[in-house]
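Each chain is listed here by its residues.
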Amino acid sequence: MGLSGFGIGSRSDRGVAQGSFFCFSSDPDTLVWLRDPSGVFSTRSAYQLVRPTRACSWAFSFFWQSSIPRKLSFFMWRLVNGQLPMDDVLKKFQIHGPSKCHCCVLAQLETMEHVFSTGQLATETWAFFEYSLGLSASAATVRSRCVTWWLFPVKGKALRWLMRTLPILILWFLWRARNISRFEGRKIAGSQVRALIIHEMRMLIRGHFSSIMVPCQWEDLLEALAVVRRALTATAVRWAFPPTGCFKLNTDSCATGRGSGGGGVIRDSCGRLIVAFADSFGCVDSLQAEARALLLGLQLGRQVGVSRLIVESDCLVLINCVRREWGVPAGIRPIVRAIRLGVPSSHQFCHCYREGNTVADSLAAYGAMSGTRVVFTKGSQLPTRTKGLLALDL
Ligand SMILES: [Zn+2]
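Residue numbers here run from 1 along each chain, matching the order of that chain's written sequence. For a predicted model such as this one, the threshold for reporting local features is a pLDDT of at least 70, and the threshold for listing and counting side-chain atom pairs is 80 or more; totals across whole chains, interfaces and linings nevertheless cover every residue.

Visitor: Report on the overall build of the protein chain, specifying residues and quantitative values.
Guide: By definition, any uninterrupted DSSP run of H or I lasting at least four residues is a helix, any uninterrupted run of E lasting at least two residues is a strand, and each is numbered from the N terminus. Tallying secondary structure elements over the protein chain gives 16 helices and eight strands in all. Projected onto the principal axes, the alpha-carbon positions of the protein chain cover approximately 90 × 50 × 35 Å. Once C-beta atoms are placed from the backbone, each residue is buried if 20 or more other C-beta atoms lie within 10 Å of its own, exposed if 12 or fewer, and partly exposed for counts between those two. In the protein chain, which comprises 394 residues, the share counted as buried stands at 33%. Note on contacts: each residue gets a C-beta atom placed from the backbone, and two residues are in contact if those atoms are within 7 Å. Excluding contacts between residues fewer than 6 apart, the proportion of contacts in the protein chain whose partners are at least 24 apart in sequence is 64%.

Visitor: Provide a residue-level description of the sheet that holds strand β8 (residues 374-376), including the pertinent values.
Guide: Criterion used throughout: strands pair if DSSP finds at least two bridges between them. Taken together, the six strands give an open sheet; going across it, the order is β7-β6-β3-β4-β5-β8, and neighbouring strands pair in mixed fashion. Looking at the sheet topology across the chains shown, the edges are occupied by β7 (348-351) and β8. Ignoring which end each strand starts from, the neighbouring axes of this sheet average 15° apart. Fitting a line to C-alpha atoms yields each axis, with helices limited to the stretch in contact; the angle taken between N-to-C directions then spans 0 to 180 degrees.

Visitor: Please give an account of the packing of helix α7 (residues 120-132) against helix α9 (residues 157-184) that cites residues and values.
Guide: Look at α7 against α9: their axes get within 11 Å of each other, and the N-to-C directions meet at 155°. By the angle between their directions, the pair α7 and α9 is classed as roughly antiparallel. Along this stretch, α7 crosses α9, giving a crossing that reads as right-handed. Each of Leu121, Ala122, Thr125, Trp126 and Phe129 in α7 lies in contact with α9, whose residues at this interface are Leu166, Ile170, Leu174 and Ala177. For classification, angles of less than 35 degrees are called roughly parallel, those exceeding 145 degrees roughly antiparallel, those between 65 and 115 degrees roughly perpendicular, and all remaining angles oblique. Should the near helix be turned counterclockwise from the far one by less than a right angle, the crossing is left-handed, whereas a clockwise turn marks it as right-handed.

Visitor: Would you mind going over unusual backbone geometry in detail, with residue names and values included?
Guide: Backbone geometry at glutamine 94 places phi at a positive 65°, although glycine is not the residue there. Relative to the assigned elements, glutamine 94 resides in the loop between α5 (87-92) and α6 (112-118). The class for glutamine 94 is exposed, based on 6 C-beta atoms found within 10 Å. Positive phi, normally seen in glycine, also occurs at arginine 324, with a value near 60°. Looking at the secondary structure, you find arginine 324 in the loop between α13 (316-322) and α14 (333-340). Residue classification places arginine 324 among the exposed positions, given that 10 C-beta atoms sit within 10 Å.

Visitor: For the domain arrangement of the protein chain, give the residues involved together with the corresponding values.
Guide: We note that the domain assignment places domain 1 (70-226) and domain 2 (247-393) within the protein chain. What counts as a domain boundary in this text is fixed by an automatic or database domain assignment. One C-alpha centre belongs to domain 1, the other to domain 2; they are set 57 Å apart.

Visitor: Run through helix α16 (residues 384-393), naming residues and quoting values.
Guide: Here α16 has its buried residues at Thr386, Leu389 and Leu390. All buried residues of α16 fall inside an arc of 105° around its axis, so they share one side. Away from its buried face by more than 90 degrees, α16 exposes Thr384, Ala391 and Leu392. Residues of α16 that are buried make contact with β5 (273-282) and α15 (358-370). In this description, the arc belongs to the directions extending from the helix axis to the C-beta atoms.

Visitor: Account for the environment of cysteine 283, naming residues and giving values.
Guide: Its location among the elements puts cysteine 283 in the loop between β5 and α12 (286-303). Residues cysteine 283 and leucine 72, spaced 211 residues apart in sequence, show a C-alpha to C-alpha distance of 48 Å.

Okay, here's the thing in structure tokens:
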């Protein structure tokens, strides 16, 4: 594939040089991989570039899941595509022989549906687990049984995971019982198949939910899974006053049908307005708008002579890029470079939740609607909505 996916770092700079972000830097020129937002080459993005794509299958997503062994995923793929070497499948390849199932007292023809859904062993096994979960599946085919399980409503993430995984385990151990009977001449009883399924399920639960004590009995196991709930904690989020002698800059962006806008506000340790701004950036993506709003806020801060500044944005990507914790996406490299340039060490860059960033958010919306840059130095000049939000922060 050569360098077809790469652009030269200075190429993106050239595009932005028409704006106000171009600045010389001591950073060396680098190759930019345009197929990844970070600009860094990865085999993952290269694979996405060359692989053929098509719509994802809803049913396939249930067995191509990372929490089950890969051999089970491949087994399920072969099963639903009719690729397991059962007697009825071999017939399609002109291999005819005596066909006799292993699972019934009165043996019948071995077909996929018989071994996995309608045979004696299959019926008993499905019925045991369906009864324990209160599910009544009168389904006759493997596919409809699986769909009934996957659509059955249960509460709690652990039980939901169980409903996705258990049908796969049932089918896998029915297949193993068939193979042991066919190739080793040993008959596996229904109780043994159930015990193997429960044992394997306990192993998977141990790996997937490390916090759960895994009981041995099936009924106890279901009870243990039923009480697993997502832990919810409530945290009050609001704008916080900066320490005495410090100032705080909040910035945000907003995207509307008319384009993107940005806004920001600098307040002192008593929450008093120092300066606020709103601007329209035209057709740029949200990350670029966030970065441009932050740069504009810093430039205004320098103009009004603010020294110790705490900079807050609800864009985690931008904050971590400025703090050099994450790689900078190619689209905002020139802006981030301009942000970093000349920033005193006394400045801090912090991420905040959007609930604590409402004043900047309202200014960004105003900027997107107004279509021009507006700077406010008095609270009375602010838009009505921003005035109210500013008062609520105090
Ligand atoms: Zn049978």
